[in-house]
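The primary structure of each chain is shown beneath.
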Amino acid sequence: MSDRTMARQVLLFIWFLSLSSALGQVSYSIPEEMAKGSLVGNIGQDLGLDLKRLKSGKARIYTGDSAEYIELNKERGVLLIKERIDRETLCGQTTPCALHLQIILDNPMELFRVTVEITDINDNSPLFKRDERRFEISESAVVGSKFMLEKAIDADIGANDLQSYFLQPTDHFNLKLHGQSDGSKKVEMILQKPLDRENQENMSLILTAIDGGEPPKSGTVQIHITVLDINDNAPVFAKPVYTAMITENSQSGTPLITVSASDSDKGTNGDVSYLIANSDGVSDIFHIDENGLVILVGKIDFETAKHYQIDIEAVDNGGLSDSSKIMVDVIDINDNAPVITVMSKSNAIPEDSLQSTVTSIINVNDPDFDSNGLVHCSVNENIPFTIKSTSNGFYSIVTDRNLDRERESEYNISVTCADEGVPSLSSSVTLSLQISDVNDNAPVFDKGSYEASVQENNTPGLSIFTVRARDADFNQNARVSYILEDSSVNGVPVSSLVSVSADSGVIHAVRSLDYEQIKYFQFRVKAQDGGSPPLSSNVSVKITIQDQNDNAPQVLYPVQSGASVVAEIVPRSADVGYLVTKVVAIDVDSGQNAWLSYKLQKATDRTLFEVGLQNGEIRTVRQVTDKDAVKQRLTVVVEDNGQPSRSATVSVNVAVADSFPEVLSEFTDFTHDKHYNDNLTFYLVLALAVVSFLFIVSIIAILSVKCYRWRRERMFYKSGANLPVIPYYPPLYADVGGTGTLQHVYNYEVCRTTDSRKSDLKYSRPCSESIISLDSSGTQTLTHAQRAKLNNEDSFDQQKPPSADWRFTQNQRPGPSGAAATPEVAMGTGPWPNPPTEAEQLQALMAAANEVSEATNTLGPGTMGLSTRYSPQFTLQHVPDYRQNVYIPGSTATLTSNQQQPQQALPPPQAAIAAAAAQPEPPKAAQTPASKKKSTKKDKK
């Protein structure tokens, strides 16, 4: 910057300061492009304001709509540069360039105007709009010709603006400047020396513009001058004769040779065109382009023509020309390649095909002669195929090793046939062959074994994890199905625990699993493909059940009982840490779910006892005093460590006393909790209701059964048939087998009448049986315990003597009810084989009746019940008709065919005895067939 410019800025600054003092404002002058945070001026000092006033008045800058380039620092009372200021952007060519600010203060409100002048610095170089300029000037241009150049532009002002121009080099041109009214200069380039294109076709000049800054800056533009030619030279060929060779059957467009003719002129005057001057058919076979390249456009054959002569001519745009010729020799070559024909081809073969299996048959033909017609064929390498010659021109493609579809599913067989010509010609054909799949690979699981875990109490149907197997085969042979192999876990089929999806291999839980029952289990899953025959493999799967906190702790001690009060006694002399008792609890869970902690929930006196957190021991925490109550009730919570935790509570009664009577006196009034009493009342009422309901149901059921059996008895009695009569046995009997009333075990056959519409009834009981059963119309059973009871009461070595108060009259003997003695009975030919006495008959009858009564009172149709044996309260309702009723000795069943027999009451005991004494004893009758049969069986036994 010059001294004159500096002095002018100083004077301008002094003028602004004086003007601001006169108008009550402050002005500053700063150069452009100052850095952020640079100091503009001390506004507090210049305005006479201290820092406290700036802070209390909340001093701030108001700039209107313009950008904020200046900021106020109230801590220092200065103005600082907030944003970089570019004078050219802010004011352009306007001068002077200034920023007008207002500083506002409150309490009291004041307004100060601040003007900041932005001075210019030389920060811009002169610039041309274009980096280069091109001129085309004919070599015939005259000296003194003028060419207008572009002016440079400098954004700075004053002394920093554009000052001068320079041009280099100045061999042919120089500069001329003309002043303009706006202060700018017009620049012209003047030709001062003639141009010659043949000597120098292109020229490069540099125009430089310089400003007046310190240091000065400059801008340049490149000027390119092209000298235009005039047509003053004829074309000239490089050679008078050209030679070339071409092979027969060359393709159209094949280049033959390139000729060239030069012309010293430039531009259109130096442009040379070529043409074929032959008048014969050569122009139909060959063509020359504008660059002198001769190409083949027709067909050429050695057998047709061996040589060609091409006449060519070069002509420029001015009409000047030159001529030459090309001598072409045609070369014979092997121009026929072998022709391959596919005679037969297989699209696919199975992978288990044998070696030397034929896949294709081809035919190869080469029309050339001699060595050019000899052909050799081959296939591509690294494939399991080879080619064999079968006859003249025929070849077969066969397999030479085993195939594997999983390794390669498709082959592209390239068959190449080449002749022996020079150069050799060849032909090739590609045959695609698919390898069809054979089920030769079993499914393979991703892992050798699987392990998974599942939380217990899972939802049935939960997906646990997936097993996956892959089959290298294809299509149906690769379709894998998953099967759960049969096995058992703790005696339970594994299929009741898990299932496997046949398609996806997803293993589902069939039911909810319980860790406390099964901690883990193993099974095997089989993967089977869809081939024929199918192949399979299996894998071991282990599922571990993870425990959940699903069981609350169980308190083992002290045992909680509502029937009595159990108290732990603590003597009053007990020291601190005295072990009162120990709460023992268990948790069937495992791991941290089974870690138990003990806490004292409630206590009569919390200051007297404490519970061990880990061991559950209840100890005293202080010395027992006389003021402590005798009755102490502690509630201990047992909590596990599960998430969420489960707990159980136990109540412990503690008696603080030195003597047991004192404990009794205090605990006699211990009552149960109201909650326990309420529960007890509820359960009692519920039990009473249930018992009442069951009683009513039982009564209804018994009545229904009675009605049903009564109807069956009615139907049975209506059959009206006589049944075989039971033989009589002496009263001295014993049940040797422990199951009947006879000394031995017998088999009985009882045949009913055809009117009963029932099948034969057979009663058979071996000695070892413990149950008496009766088949046919009704079945009754007698358990071993009941039979033992009967044996204890009824089976002795000697039966009890009959009561003397009971006797049967002749009318009450076995036979038709109420009938008098018949001659058959008197003669001994009646139903009794040996007519017994009345006492013997009564004893046998009552013994059988007693067994019926005590064994069951709900026998089938035809049962006569006698409630007691020899009791005085015994009342004989009627005497059964032995011709209508069948008694089975050793059994508790009585079969009755007629229930409508009239009943006859027994006479008083004295009358019965008198009648029995008055009646004469009948003679012994002859044995009946039944008695003979029975005697025979006894003899055999």
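Parameters at a glance
- Residues numbered from 1 in each chain as written.
- Predicted model: local features only at pLDDT ≥ 70, side-chain atom pairs only at ≥ 80, totals over all residues.
- Heavy atoms only, no water.
- Pairing = 2+ DSSP bridges.
- Helix = DSSP H or I, 4+ residues; strand = E, 2+ residues; numbered from the N terminus.
- Axes fitted to C-alpha atoms, helices over the stretch in contact; angles between N-to-C directions.
- Phe/Tyr/Trp six-rings, centres within 6.5 Å; stacked < 30°, edge-to-face > 60°.
- Buried < 20%, exposed > 50% of the residue type's maximum accessible area, 1.4 Å probe, protein only.
- pLDDT = per-residue confidence, 0-100.
- Contact = heavy atoms within 4.5 Å.
- Salt bridge = Lys/Arg side-chain N within 4 Å of Asp/Glu carboxyl O.
- Polar contact = N/O pair within 3.5 Å; in protein donor to acceptor, adjacent residues only side chain to side chain.
- Patch = residues over 30% accessible without salt bridge, like charges linked within 9 Å, V, L, I, M, F, W, Y side chains within 5 Å.
- Areas by Shrake-Rupley, 256 points an atom, 1.4 Å probe, with all protein chains shown as cover.
- Disulfide = S-S within 2.5 Å.

The three strands lie next to each other as β45-β49-β48, forming an open sheet whose pairing is antiparallel. In this open sheet, the two edge strands, each paired with only one partner strand, are β45 (579–582) and β48 (609–611). When the angles between neighbouring strand axes are averaged without regard to direction, this sheet yields 20°.

A word on the packing of aromatic side chains. Overall, the coordinates contain nine aromatic pairs when judged by the stated rule. Judged by centre distance (5.9 Å) and plane angle (65°), the rings of Phe135 and Phe147 are edge-to-face. Of this pair, Phe135 sits in strand β8 (residues 132–138) while Phe147 sits in strand β9 (residues 146–148), placing them twelve residues apart in sequence. With respect to burial, Phe135 and Phe147 carry one shared label: buried. Ring geometry for Phe147 versus Phe173: centroids 6.1 Å apart, planes at 75°, classification edge-to-face. Taken together, the positions of Phe147 in strand β9 and Phe173 in strand β11 (residues 173–179) put the pair 26 residues apart, joining distant regions of the chain.

All right, on to the environment of Leu600 then. Turning to its location among the elements, Leu600 is positioned in strand β47 (residues 596–603). Placed 18 residues apart in sequence, Leu600 and Ile618 show a C-alpha to C-alpha distance of 9.1 Å.

Taken in spatial order, the four strands make up an open sheet running β25-β31-β30-β27, and their pairing is mixed. Each having just a single partner strand, β25 (348–350) and β27 (375–379) make up the two edges of the open sheet. Taken pair by pair, the neighbouring strands of this sheet meet at an average axis angle of 30°, ignoring direction. In this sheet, strand β31 (residues 426–436) lies alongside strand β30 (residues 410–419) in antiparallel orientation, the contact comprising nine bridges. Across the sheet, Ala418 pairs through a bridge with Ser426, a residue of β31.

Taken over all residues, the pLDDT of the chain has a mean of 75, while the share at 70 or more is 71%. Here residues 721–835 scores under 50 on pLDDT; set against residues more than four positions off or in separate chains, the count is 244 contacts.

Attention now goes to the pattern of salt bridges. Using the criterion set out here, one finds 19 salt bridges in the structure. For the salt bridge of Arg53 with Glu110, the shortest nitrogen-to-oxygen distance reads 2.8 Å. One end of the pair, Arg53, is in helix α3 (residues 51–56); the other, Glu110, is in strand β7 (residues 110–119), with 57 residues separating them in the sequence. Given the relative accessible area of 12%, Arg53 is considered buried. Glu110 gets classed as partly exposed once you look at its relative accessible area, which sits at 29%.

With that out of the way, let us pick up the side chain of Asp120. Within the secondary structure, Asp120 sits in the loop between β7 and β8. Reaching out from Asp120, the side chain makes a polar contact with the side chain of Arg87 at a distance of 3.2 Å. Excluding anything up to four places from it in sequence, Asp120 contacts Glu32, Arg87, Glu88, Asp156, Ile157 and Asn160.

Moving on to a nonpolar patch on the surface. Residues Phe682, Tyr683, Leu686, Val690, Phe693, Leu694 and Val697 make up a contiguous nonpolar surface patch of roughly 710 Å² in combined accessible area. Within the fold, Val690 resides in helix α7 (residues 674–717). Classification of Val690 by relative accessible area gives partly exposed; the value is 40%.

As a further point, take the state of the cysteines. Taken as a whole and judged by the stated rule, the model has two disulfides. Between Cys377 and Cys417 runs a disulfide, and the two sulfur atoms are separated by 2.1 Å. Here Cys377 and Cys417 share a disulfide; its torsion about the S-S bond, 110°, makes the bridge right-handed. A residue pair is termed long-range when its members are at least 10 positions apart, and Cys377 in strand β27 and Cys417 in strand β30 qualify at 40 residues. Across the pair, exposure class does not vary: Cys377 and Cys417 are buried alike. The disulfide pattern of the chain is 1-2, 3-4 when the bonded cysteines are numbered in sequence order.

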